[in-house]
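Letter by letter, the chains look like this.
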Amino acid sequence: MSVQILAEYLEYLEVERGLSENTVDAYRRDLSDFLDFCISKNVCEFKDVTRSEISMYILNLHDKKYSSTSIMRKIASLRGLYKWMCANEKCTSDPTLTIEQPKLPKCLPKVLSVKEIEEILNQHLNDVQKVIIELLYGCGLRVSELSELDVSNINIKGKYLQCLGKGSKERIVPLGSKAISALKKYLPQREFIIKKFNLDEGHLLLNEDGREITRQDIYNFVHEQGKKIHKTISPHTLRHSFATHLLENGADLRVVQELLGHSDVSTTQLYTHISKKRLKDVYFAINK
């Protein structure tokens with residue numbers, strides 16, 4: 001049955017591939033949506049799906065106004081599933097082989113200036129909020145990496161932190177002086193919260209009521225800070241800004257790749273294009 005196959009595949013992704021819980025959940029949602037669509041077309045088994053059903057599914061996604069990026073992700077989920085099914089003899093042919101990927105618009109991610117980062121930090125932020133900004137921007141962490149940090153991952157004396165990135169890959173990220181200063185101010189307050197609510201040591205980011213700060217909490221907080229400087233931003237905007245500012249100040253591309261936790265340097269090369277664009281923008285602004 002397709003439900004059983006889906007469960008086996010998700011277990012494979014989690015156990016053998018070592019993908020994070022968030023990534024596996026994304027696969028689950030994508031593939032469950034596809035299965036629901038197929039069932040609506042009276043095709044109840046993954047092995048019975050043809051190129052025709054997949055084409056109709058993609059058209060349906062377009063009709064629902066899904067972005068090209070979302071459609072690409074859903075197609076990638078299907079390709080992964082059918083590649084695994086063929087390798088494990090759960091189907092005899094792969095209906096995804098000839099699917100064309102939608103073309104993505106060539107747009108560079110948003111980047112804040114150093115001045116805009118400073119404007120955010122100069123808002124009336126509490127201690128944990130300052131830590132959030134300093135670790136997203138000062139360390140270039142992904143929001144999931146930040147939300148999952150334990151206090152044991154922070155080494156203030158050694159001036160570094162350990163985080164678990166995509167594919168459960170652990171990396172070491174240096175802590176700058178501003179991040180260390182923010183942490184030193186926040187950690188005693190965190191210890192007070194731990195004792196007040198009799199909490200277990202562990203999760204780094206805690207609200208004053210003792211609740212763990214989640215990915216969504218961080219996203220909402222950063223979005224609100226963006227409004228204050230008249231920008232629409234997300235936690236990833238701060239990560240983009242971190243990488244771009246490093247390259248603009250002469251950092252080596254391979255070093256930035258390691259700091260960001262990119263498995264392929266071609267992903268990091270995107271930021272060289274951002275730097276060049278920003279350089280052109282500044283030049284033409286000065287020479288109008």
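Criteria and cut-off values
- All residue numbers refer to positions counted from 1 along the written sequence of the respective chain.
- Only residues with pLDDT of at least 70 get local features here, since the model is predicted, and only at 80 or more are side-chain atom pairs given and counted; chain-wide, interface and lining totals rely on the full set of residues.
- The basis for the side-chain values is all heavy atoms of the structure; hydrogens and waters are excluded.
- To qualify as a nonpolar core, a set must consist of buried Ala, Val, Leu, Ile, Met, Phe, Trp, Tyr and Cys residues joined through side-chain atoms within 4.5 Å.
- When accessible area is computed with a 1.4 Å probe and restricted to protein chains, residues below 20% of their type maximum are described as buried, those above 50% as exposed, and intermediate ones as partly exposed.
- Helix numbering and strand numbering both begin at the N terminus, where a helix is a DSSP run of H or I of at least 4 residues and a strand a DSSP run of E of at least 2.
- A contact between two residues is defined here by any heavy atoms of the two lying within 4.5 Å.
- Distance thresholds for patches are 9 Å for like charges and 5 Å for nonpolar side chains (Val, Leu, Ile, Met, Phe, Trp, Tyr), applied to residues having over 30% relative accessible area and no salt bridge.
- Computed by Shrake-Rupley with a 1.4 Å probe, the accessible areas treat only the displayed protein chains as cover when residues are assessed.
- Salt bridge, as applied in this entry: a Lys or Arg side-chain nitrogen positioned within 4 Å of an Asp or Glu carboxyl oxygen.
- His residues and chain termini do not enter the charge count, which takes Lys and Arg as positive and Asp and Glu as negative.
- All charge positions are set by atom: Lys at NZ, Arg at CZ, Asp at CG, Glu at CD.
- For every residue, the predictor assigns a confidence score, pLDDT, that lies between 0 and 100.
- Strands qualify as paired when DSSP identifies two bridges or more between them.

## Points about the nonpolar core
Leu135 and Leu161 are the most contacted members of the largest nonpolar core, which totals 44 residues. Only α5 (114-121), α6 (127-138), α7 (143-147), β2 (160-164), α8 (177-196), α9 (215-228), α10 (235-248) and α11 (253-260) provide two or more residues apiece to this core. Those residues in contact with Leu161, other than ones at most four positions away along the chain, are Leu135, Cys139, Leu141, Leu149, Asn153, Ile154, Arg171, Ile172, Val173 and Leu175. By size, the runner-up hydrophobic cluster in this structure holds 29 residues, among which are Leu10, Leu19, Tyr57 and Leu61.

## Some points on a negative patch on the surface
On the surface, a cluster of negative charge is made up of Glu11, Glu14, Glu16, Glu21 and Glu148. Within the secondary structure, Glu11 sits in helix α1 (residues 2-15).

## Comments concerning the environment of Gly165
Inspection of the secondary structure puts Gly165 in the loop between β2 and β3 (170-174). When the C-alpha atoms of Gly165 and Arg142 are compared, they prove to be 7.9 Å apart, with 23 residues separating the residues in sequence. Those residues within four positions of Gly165 in sequence are excluded, and the remaining contacts are Arg142, Glu145 and Arg171.

## Overview of the confidence of the model for the protein
Detailed reading of the predicted coordinates is not advisable wherever pLDDT falls low. Mean pLDDT over the protein: 87, with 88% of residues reaching 70 or higher. Summarising per-element confidence for the protein, the mean pLDDT is lowest in helix α13 (residues 270-286) (52) and highest in α6 (97).

## Section: the pairing of β2
For a regular strand, side chains alternate in direction, first toward one face of the sheet and then toward the other. Of the two faces of β2, only the one carrying Leu161 and Cys163 is buried; Tyr160, Gln162 and Leu164 on the other face are not. Inspection of the sheet shows strand β1 (residues 154-155) paired to β2 by two bridges, in the antiparallel sense. Bridge pairing links Ile154 to Leu161 in β2. Between the end of β1 and the start of β2, which pair antiparallel, lie four residues, with Lys159 showing a positive phi angle near 60°. In this structure, β2 lies alongside β3, joined through five bridges in antiparallel fashion. Directly across from Leu164, in β3, lies its bridge partner Glu170. Here β2 hands over to β3 after five residues, with Gly167 in that stretch at a positive phi of 65°.

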